[in-house]
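Secondary and tertiary structure notes
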Amino acid sequence: MANYNDLAELIFPEITDTVEDLEKRYPKRDLPLGAMVTRFAPSPTGFLHTGSLFTSLISARYAKQSGGVFYIRLEDTDTKREIAGSGESLIKQLAVFDVIPDEGYISDSEEKGNYGPYKQSNRANIYKTCIKHLMKMGRAYPCFCSAEELAELRAMQEANKEIPGYYGKYAKYRDFPIDDAIAKIKAGDPYIIRFKSLGDHNNKIKFHDEIRGDLELTENDQDIVILKGDGLPTYHFAHLCDDHFMHTTHITRGEEWLPSLPIHLELFDAMGFERPKYAHFPVIMKVENGNRRKLSKRKDVEAAVSYFLEQGYPKYGFIEYLLTIANSNYEEWRNQNLDKDFYDFKLSFDKMSLDGALFDLEKVASISKERMAYRKASDLKEEVKEWAKTYSLDFYNKIVRDEEFFTKILNIEREKEKPRKDYAKYSDIYPIIGFFYDEEYNKLDLNNLEWNPQFSKEDIKSVLLDYANSIDLSLDEESWFNSMKELSLAHGFADNVKVWKKNKEAYKGHVGDVTGFLRIALSGRGVCPNLYYIIQILGKDKTLERINKVIATLEQRGK
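Here we summarise the structure given alongside this text.

What counts, and where the lines are drawn
- Residues numbered from 1 in each chain as written.
- Predicted model: local features only at pLDDT ≥ 70, side-chain atom pairs only at ≥ 80, totals over all residues.
- Heavy atoms only, no water.
- Helix = DSSP H or I, 4+ residues; strand = E, 2+ residues; numbered from the N terminus.
- Rg over C-alpha atoms; globule rule 2.2 N^0.38 Å.
- Contact = heavy atoms within 4.5 Å.
- Areas by Shrake-Rupley, 256 points an atom, 1.4 Å probe, with all protein chains shown as cover.
- Lys, Arg positive; Asp, Glu negative; His and termini not counted.
- Charge placed at Lys NZ, Arg CZ, Asp CG, Glu CD.
- Pairing = 2+ DSSP bridges.
- Axes fitted to C-alpha atoms, helices over the stretch in contact; angles between N-to-C directions.
- Salt bridge = Lys/Arg side-chain N within 4 Å of Asp/Glu carboxyl O.
- Buried < 20%, exposed > 50% of the residue type's maximum accessible area, 1.4 Å probe, protein only.

**Examining the overall build of the protein**
- From N to C terminus, the protein includes 23 helices and 15 strands.
- Relative to its length of 559 residues, the protein is extended, with a C-alpha radius of gyration of 33 Å against a globular reference of 24 Å.
- With respect to the three principal axes, the spread of C-alpha positions in the protein is 115 × 55 × 40 Å.
- Here the contacts in the protein between residues at least 6 apart in sequence split such that 73% fall between residues at least 24 apart.
- In the structure as shown, the protein presents an accessible area of about 26900 Å², 47% of it carried by carbon and sulfur atoms.
- In the protein, 80 side chains carry a positive charge and 91 a negative one; their mean positions are 2 Å apart.

Put into structure tokens, the structure is as follows:
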């Protein structure tokens, strides 16, 4: 009569390594006490989800701040859903946000580290070695059920209002005679390998989660599939082997994996492996019609990290927003440490929310606008140029044509105690400052500029003409504004808004209206950056050229 050892040798004749051999090949890491080994384990099945960036960023920070190791493992065992090139794309997008692994998968042709391979599809022998070990212990067995049989089983269980699944009395091949199993395998019958659970769903297990504290969960009793018909393991079993032999200390993942935790704990115990610590992060949520739901790849543009890259949100703004989700005390820390790098902040599991964080795009924009405002113009110029090179080639060409000119534009009311806060993302910039470039200004229909209708064209023209005849770029900002007051008084406008408000009938308008004429003439719009600096950057010739074009247009139209 055959035994489990015979069955294991029949199924895995090519596997000569043992679990002990693997332990020697992948020894414990030599790290300081308290150092964390964390990982990000994406599947190459599409774009990088915002939730995945959040998880990987926080995982990487925990490893970094503890003097540990952060690695990336590519979980590519679901070949039906794999999208070619998406693995490398994920790595590139992570790098933009400073999520760079100490070791692991770098690209389809490159990896680094001593605990690889870091692509699951290249680790088949490791998984088979462990499954062979379980089978010899009597904790794994071949299952010959067809898809149709499993569908019928589920339908019957649901009709009888029973817990669905392959377990206990419903596990048809759980106690199948080994000789019969060997005969079916030799006959070429298709099969998969299942784990034999010793659990009971009527029992509870106690477990401590690093974020959620002490939990009580239903014990696993499902005989889950651990090796598929294609020879690759399921996620449940692959993660067991990988996290053990890569010596992951903390498995950081979304709370949607909590229901699977009893399965994973039983697998670790069955193999005799030390359990890692688990930290289940809150899922990023969104409110729709008053209800909270998970941020959706299908419904929400902000679910894809590529959206933020294309729009040009600065990485430092987006990272800081994610840190506000990560720890409830981050914003307080930031307000007290404005001069520090956000990476100086120490993350703590006990400051993480237990509820799903609501994604707030307005807050992303607010933080980004605040941070961009304090960037040096030269640094911001480089950031914008790098972004435009990929996402706005026409803008990029304008920048590189005269980088000094573009830097001056960016530096309007910047590098001061209270800088202007015009931009929340790089894509905001050109629509605001495009008028500085002649090709953009020349697109304006000067016959249809939006002048304030309470002023006559003659009033506007006379103010513009007078300014053109007296323009002086040598004045500092205060002296220039005083000259605007004098110009206002000379044309019947109050030199102070408060004065005008007290006696509106005595004046045509106020100094703000006069500078408004110039603003529209030079930019084509009523709202734009500081007018004094616009004139300084455009220079005398360009300023006069534009004013004269507008005056000529006004003369053609008359009053």
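**Considering the sheet that holds strand E9 (residues 225-227)**
- Strands sit in the order E5-E6-E9 across an open sheet of 3 strands; the sheet is antiparallel. The open sheet has two free edges, formed respectively by strand E5 (140-143) and E9, since each of these has just one partner strand. Going from strand to strand, the sheet's axes swing by 45 degrees on average, the running direction of each strand aside.
- Bridge count between E5 and strand E6 (residues 192-195): 4 bridges; the pairing is antiparallel. The residue of E6 that forms the bridge with Cys143 is Ile192.
- Contacts from helix H5 (residues 124-136) reach E5, E6 and E9, with the element oriented near 100 degrees to E5.

**A closer look at the pattern of salt bridges**
- For the structure shown, the criterion picks out 49 salt bridges.
- Linking Arg375 and Glu383 is a salt bridge whose minimum nitrogen-to-oxygen distance equals 2.6 Å.
- Its relative accessible area of 29% is what places Arg375 among the partly exposed residues.
- Of the charged contacts in the structure, one is a salt bridge between Lys549 and Glu545, with a shortest N-O distance of 3.8 Å. Residue Lys549 and its partner Glu545 are located together in helix H23 (residues 531-557), separated by 4 residues, close to a single helical turn.
- The network of salt bridges with shared partners includes Arg39, Arg73, Glu75, Arg123, Asp242 and Asp243.

**Examining the environment of Lys504**
- With respect to the element layout, Lys504 can be found in the loop between helix H21 (497-502) and strand E15 (509-510).
- With 56 residues separating them along the chain, Lys504 and Asn448 place their C-alpha atoms 28 Å apart.

**Digging into the environment of Ala494**
- Counting through the fold element by element, Ala494 comes out in strand E14 (residues 493-494).
- For Ala494 and Ala506, which are 12 residues apart along the polypeptide, the C-alpha to C-alpha distance reads 8.5 Å.
- Other than its neighbours up to four places away in sequence, Ala494 contacts Ser488, Val499, Trp500, Tyr507, Gly509, His510 and Val511.

**Examining the pairing of strand E7 (residues 204-209)**
- Burial along E7 is one-sided: Ile205, Phe207 and Asp209 are buried, while Lys204, Lys206 and His208, pointing the other way, are not.
- With 6 bridges joining them, E7 and strand E8 (residues 213-218) adopt antiparallel strand pairing. Note that in E8 the partner of Phe207 across the bridge is Leu215.
- Adjacent in sequence and paired antiparallel, E7 and E8 are bridged by 3 residues.

Fair warning: the whole summary comes from geometry, so function is off the table for now.
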